[in-house]
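Below are the chains, spelled out letter by letter.
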Amino acid sequence: MNKFLVALFAIACLAASTQAVSIKWTGYANNGQWFTPTNWYPDQVPSTEDDVTIDSGVVTVPQAAGCNSLTMGTNFNNQANLTIFNTFIVGSGGMTVDGNGFVFVNAGTASINGPVNIAGYLYFQSGSLSGQVTISSRGVADLSGLAQKVLTGCSFSSAGTLTLGGNLVLNQSSQFSVTSTATVSGNFAVQNGDGSAVLFDTSAGTLTYTGAGTFSMQAPVSLGTFNFATESPANLTVYSDVTFVNSFDIPKGSMVSTLGIAKVNMSSGVTGAGILSGASAQLLLGNVNFTGAINSVGGNVTFASGKNAVSLLTLDGGDLNVKAST
């Protein structure tokens, strides 16, 4: 039995021994600990059957815990901070984090399992998320830490402000979608951890890469508007299937490489003055107006649609197919 199931069993046993109640954080013990009964009203530690409210205060969850529902951050004048270091299970009532609520998931052993709605702040720096996670248009999600962040059987959607960095690992058909804006800086990798039907999808949003590193796509990706916003060289490396829904601009000093078994669709258009290198199973181009260089290096590069203009086109061991005027 894995650690997650052991934690779930232990919490379920605790729930079976208690009667469901509504429990509110008071913090009277002045130690900020979830498992101190006198921090709650009434004086008892919440079980997985209970409905919990944290209007304000600083709360730490060092061990496996859970509740049926959690509402926090509703106090207009004071913040509610919840820091999770272990398994935290949310029942059907869901977790609602309002505007003055802050949730921190910043340890490798930390995890949240359950429906979560963020209209406040989520700082996910290390650990894992499962279930349904929704960042509303008023919400802020910071996933910029260098450590590994894992989604397991998770549907993560963001209509708010999103920052990405480090390693994002998608497992068990997890879906990560952005319908607003997201910013990526430094080294960032999107990975398919178990070979399941995962997807990183910003087709209805805007993703801006600020550079100062390498953005590596190692999972199926669908990109809407993608911007290089950098004055220093930035690299985008594609190892898996990626579709650029909109025209893609590669500025001078930036390089995009497609490698291995990746099938990359840029038929909506390519502009800019950087470098595009195709060394993958497929690089499909269309409507190209590019003052930089396109290199076919051991891969399959196809100009498939529109009228295409390229300042420098080189072939070095790859296959170049032209199905439209170039």
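That block above? That's the structure.
Counting from 1, residues in each chain are numbered in the order their sequence is written. Under the rules for a predicted model, residues below a pLDDT of 70 receive no local features and side-chain atom pairs below 80 are neither given nor counted, while totals for whole chains, interfaces and linings still include all residues. Hydrogens and waters are ignored; side-chain quantities use all the structure's heavy atoms.

Draft legend 1. Highlighting the pairing of strand β17 (residues 214-218). Strands pair, by our definition, only if DSSP identifies at least two bridges between them. To qualify as a helix, a DSSP run of H or I must reach at least 4 residues; to qualify as a strand, a run of E must reach at least 2; elements of each kind are numbered from the N terminus. Across 4 bridges, strand β15 (residues 181-192) lies against β17 in parallel orientation. Following the sheet pairing, F188 is matched in β17 by F215. With 4 bridges connecting them, β17 and strand β19 (residues 235-238) associate as parallel partners. If you follow F215 over to β19, its bridge partner there is L236.

Draft legend 2. Expanded view of the pairing of strand β10 (residues 121-135). Relative to β10, strand β8 (residues 101-113) runs parallel, the two sharing 8 bridges. The residue bridging I112 from the neighbouring strand is L129, located in β10. With 3 bridges joining them, strand β9 (residues 116-118) and β10 adopt parallel strand pairing. Within β10, the residue paired with N117 across the bridge is T134. By the bridge criterion, 8 bridges tie β10 to strand β12 (residues 148-158) in an arrangement that is parallel. Its bridge partner lying in β12, Q132 is registered against S155.

Draft legend 3. Broad picture of unusual backbone geometry. Going from Y41 to P42, the amide bond is cis rather than trans, its omega being -5°. Position of P42 relative to the elements: it lies in the loop between β2 (40-41) and β3 (51-54). Not every positive phi belongs to a glycine, and N30 is a case in point at roughly 60°. The exposure class assigned to N30 is exposed, which follows from its relative accessible area of 71%. Phi is positive for S173, close to 60°, though the residue is something other than glycine. Examined against the element boundaries, S173 turns out to sit in the loop between β13 (161-171) and β14 (175-178). Between buried and exposed lies partly exposed: a residue is buried under 20% and exposed over 50% of the maximum accessible area for its type, with that area taken using a 1.4 Å probe on protein chains only.

Draft legend 4. Highlighting the pattern of salt bridges. Each salt bridge in this description consists of a side-chain nitrogen of Lys or Arg and a carboxyl oxygen of Asp or Glu lying within 4 Å of one another. One pass over the structure, following the stated rule, counts 2 salt bridges. With its nearest N and O atoms 2.9 Å apart, the salt bridge here joins K24 to D55. Residue K24 is found in strand β1 (residues 22-25), and its partner D55 is found in the loop between β3 and β4 (57-61); the two are separated by 31 residues along the sequence. Taking relative accessible area as the criterion, K24 reaches 41% and is therefore assigned partly exposed. The salt bridge involving R138 is made with D98; its shortest N-O contact spans 3.5 Å.

Draft legend 5. Region of interest: the packing of aromatic side chains. Stacked, edge-to-face and tilted labels apply to pairs of Phe, Tyr and Trp rings (six-membered ring for Trp) whose centres lie within 6.5 Å, assigned for plane angles under 30 degrees, over 60, and everything in between, in that order. On inspection of all chains with the given rule, the structure shows 17 aromatic pairs. Between F102 and Y121, the ring centres sit 4.4 Å apart and the planes meet at 0°, which makes this aromatic pair stacked. Placement of F102 in strand β8 and of Y121 in strand β10 is noted, with a sequence separation of 19 residues between them. Assessed through its relative accessible area of 11%, F102 is described here as buried. When the ring of F226 is compared with that of F248, the centres are 5.4 Å apart and the planes differ by 85°; the resulting orientation is edge-to-face. Of this pair, F226 sits in strand β18 (residues 221-228) while F248 sits in strand β21 (residues 248-250), placing them 22 residues apart in sequence. F248 carries the same exposure label as F226, and that label is buried. Aromatic ring contacts, followed pair by pair, group F156, F176, F188, F200, Y209, F215, F226, F228, F244 and F248 into a single cluster.

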